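# Commentary on secondary and tertiary structure
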Amino acid sequence: MSNKMWGGRFSERPDEIMEEINVSIDVDRHMYAQDIAASKAHAAMLAAQGIITASDAKNIGKGLDTILSEIGKGDFAFKRSLEDIHMNVESRLSELIGTAAGRLHTARSRNDQVATDFRLYVRDVLDETDAALAAFQQALVDRALEHAGTVMPGFTHLQTAQPVTFGHHLLAYVEMAARDRGRFQDARKRLNESPLGAAALAGTSFPIDRHATAKALGFDRPMANSLDAVSDRDFVLETLSAASICAVHMSRFAEEIVIWTSPLVGMISLSDKFTTGSSIMPQKRNPDAAELVRAKTGRVIGALNGLLIVMKGLPLAYQKDMQEDKQGAMEGFAALSLAIRAMTGMVRDLVPDAAKMKVAAGEGYATATDLADWLVRTLKMPFRDAHHVTGRIVAKASKDGVALHELPLAAMQEIEPKITKEVMGVLSVESSVKSRTSFGGTAPKNVAAQAKAWAKRLEKERKLG
């Protein structure tokens, strides 16, 4: 028995291995809602253009609604023998309404059908991701307001550099998430054109209205070239590119949480909600959620690399290779979604040890730059000279085993006689962070103002919907 989709040309069944490699229903079944929405729009347009009757269009619409309900309730029997979501829906529609179901495929191909479905699917992913990132930002902003003045060490090369505030550190990820959202929004704008009606590759001789179906599906316009419409997946690649950058941001923050929760550092703790224990070591509290966020990043980047490799050598137009465009992408999107939600939960759950943070902020002579700046401001010393003097003072403090603010004034004056007791006022971590009042700096009043501004911005976004 030949395959009923192309039985007129073929007289024998495909080999079992051919059927196995060709089937895609296990993956593209996740696009059932998008497939049905596109089919309803197409049927309505065919009727409006007089290509099928209004009666047939009405029956097709009712049948599709029934199928949507069946799948939603888990009552639909997906058949691997029918290969993909398109033929599974069409086959069931034929069972429900008879021969009218066969008219639905007029003036379209599975090529433009799948391209439309996948655009709709990725567009939904983009909207969901934007909402998840907004929630992540809100969690960060709430904690930043709470800890606008909580001093912690800032790092370069993972070495203590200068004191910052915990709120300032959290707001850095708010800014990263904002750029992530911008990349996703840009991807959505370019994605939002409809392939439907491009048919197999050359368009169709039927008098269809592609603008009508584009509008019905929420697209800005139909794609202008039928070859391009069915043969490119740059909208998936762009979304995966943005997703990879976003996942890297999540992974970097997750890495910091892993470090900070280590007993060797102990700057923050997580509750039982986001940690696990050990099967053999009763004392362990492992930051597994953060560690898994790091690992999920590999899935997202892997999905991008995989699709780039699939697409890199394909001539126009559609090639069967492109059936491999969905599984990796869907898994990558799901991994990112889970990572964002996990990071949001950890941000709300974490408890900083403010006392330990403050002590750590003062270690490693973190206020040395403040001393150099004081020499420049007060003694009018060139910065390079001030840097050299400060280095000698730090070396003296290190040799004597004391913190910079604990080094006697006389010891400093042995190195630079013009130093006065006023210098002691800039050497504490509190003084250091308060002095960083430049735009974007870590001064607590800056952090509080920036957090409040972000809170207003996010609230405005919510009201606008």
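Before going into details, it helps to say that this report is about the structure given with it. Just so it is clear, the model here is predicted, and its values are computed rather than measured.

On to the overall build of the protein, then. When helices and strands are tallied, the protein shows 18 helices and 6 strands. For the protein, whose C-alpha radius of gyration is 30 Å, the value lies well above the compact-globule estimate of 23 Å for 465 residues. If you line up the protein on its principal axes, its C-alpha atoms span 100 × 50 × 40 Å. Counting across all 465 residues of the protein, residues that qualify as buried make up 47%. Considering only intrachain contacts with a sequence separation of at least 6, the fraction spanning at least 24 residues in the protein is 74%. By element, 54% of the accessible surface of the protein is carried by carbon and sulfur atoms, the whole surface being about 22,900 Å².

Moving on: the pattern of salt bridges. In this structure the tally under the stated criterion is 26 salt bridges. Put simply, Arg-188 and Asp-127 hold a salt bridge, and the shortest N to O gap is 2.7 Å. Pair noted here: Arg-188 is in helix H7 (residues 166–191) and Asp-127 is in helix H6 (residues 110–146), with a separation of 61 residues, a long-range link. A residue is classified by how much of its surface remains accessible, and Arg-188, at 27% relative accessible area, is partly exposed.

Moving on, we get to the packing of aromatic side chains. Under the defined criterion, the tally for this structure stands at 6 aromatic pairs. Counting every residue linked through ring pairs, the aromatic cluster contains Phe-118, Tyr-121 and Phe-235. Here the basic side chain of Arg-123 rests over the ring of Phe-219, its NZ or CZ set 5.0 Å away from the ring centre.

The next thing to look at is the nonpolar core. Across soluble globular proteins, nonpolar side chains show a tendency to be buried alongside one another. Residues Val-122, Phe-136, Val-236, Phe-253, Met-343 and Met-346 are the most contacted members of the largest nonpolar core, which totals 72 residues. The element best represented in this core is helix H10 (residues 234–261), accounting for 14 residues. Those residues in contact with Phe-253, other than ones at most four positions away along the chain, are Phe-136, Leu-140, Leu-170, Tyr-173, Trp-260, Met-343 and Val-347. Counting 21 residues, the second largest nonpolar core, distinct from the first, contains Val-23, Leu-64, Val-89 and Ala-101.

All right, on to the side chain of Ser-39 then. Relative to the helices and strands, Ser-39 resides in helix H3 (residues 32–48). Given a relative accessible area of 1%, Ser-39 falls into the buried group. At 3.1 Å, the side chain of Ser-39 forms a polar contact with the side chain of Arg-108. Apart from the residues within four sequence positions on either side, Ser-39 is in contact with Leu-64, Leu-104, Arg-108 and Gln-113.

Before going further, it helps to examine unusual backbone geometry. In this structure, Ala-317 follows Leu-316 across a cis peptide bond, with omega equal to 5°. The topology assignment puts Ala-317 in the loop between helix H11 (288–311) and helix H12 (327–349). Its identity is not glycine, yet Ala-107 carries a phi of approximately 65°, on the positive side. With respect to the helices and strands, the residue Ala-107 is situated in the loop between helix H5 (85–97) and H6. Residue Ala-107 is classed as buried on the basis of its relative accessible area, which comes to 9%.

This part covers the packing of helix H14 (residues 368–379) against helix H15 (residues 383–400). Contact geometry for H14 and H15: axes closest at 9 Å, N-to-C directions at 135°. As the angle between them shows, H14 and H15 are arranged oblique. Note on packing geometry: the crossing formed by H14 with H15 is right-handed. Of the residues in H15, those in contact with Ala-368, Leu-371, Ala-372, Asp-373, Leu-375 and Val-376 of H14 are Phe-383, Ala-386, Val-389, Thr-390, Ile-393 and Val-394. Split into classes, the residues belonging to the contact of H14 with H15 amount to 10 nonpolar, 1 polar and 1 charged.

A few words on the side chain of Asp-180. Summarising the element assignment, Asp-180 is placed in helix H7. Under the relative-accessibility criterion, Asp-180 is labelled buried at 0%. Of the polar contacts made by the side chain of Asp-180, one reaches the side chain of His-249; its length is 2.9 Å. Setting aside chain neighbours within four positions, we find Asp-180 in contact with Leu-133, Ile-245, Cys-246 and His-249.

About the cut-offs
- Residues numbered from 1 in each chain as written.
- Predicted model: local features only at pLDDT ≥ 70, side-chain atom pairs only at ≥ 80, totals over all residues.
- Heavy atoms only, no water.
- Helix = DSSP H or I, 4+ residues; strand = E, 2+ residues; numbered from the N terminus.
- Rg over C-alpha atoms; globule rule 2.2 N^0.38 Å.
- Buried < 20%, exposed > 50% of the residue type's maximum accessible area, 1.4 Å probe, protein only.
- Contact = heavy atoms within 4.5 Å.
- Areas by Shrake-Rupley, 256 points an atom, 1.4 Å probe, with all protein chains shown as cover.
- Salt bridge = Lys/Arg side-chain N within 4 Å of Asp/Glu carboxyl O.
- Phe/Tyr/Trp six-rings, centres within 6.5 Å; stacked < 30°, edge-to-face > 60°.
- Lys NZ or Arg CZ within 6 Å of the ring centre and 35° of its normal.
- Core = buried A, V, L, I, M, F, W, Y, C linked by side-chain atoms within 4.5 Å.
- Polar contact = N/O pair within 3.5 Å; in protein donor to acceptor, adjacent residues only side chain to side chain.
- Axes fitted to C-alpha atoms, helices over the stretch in contact; angles between N-to-C directions.
- Parallel < 35°, antiparallel > 145°, perpendicular 65-115°, else oblique.
- Left-handed = near helix turned anticlockwise from the far one by under 90°.
- Nonpolar A, V, L, I, M, F, W, Y, C, P; charged D, E, K, R; others polar.

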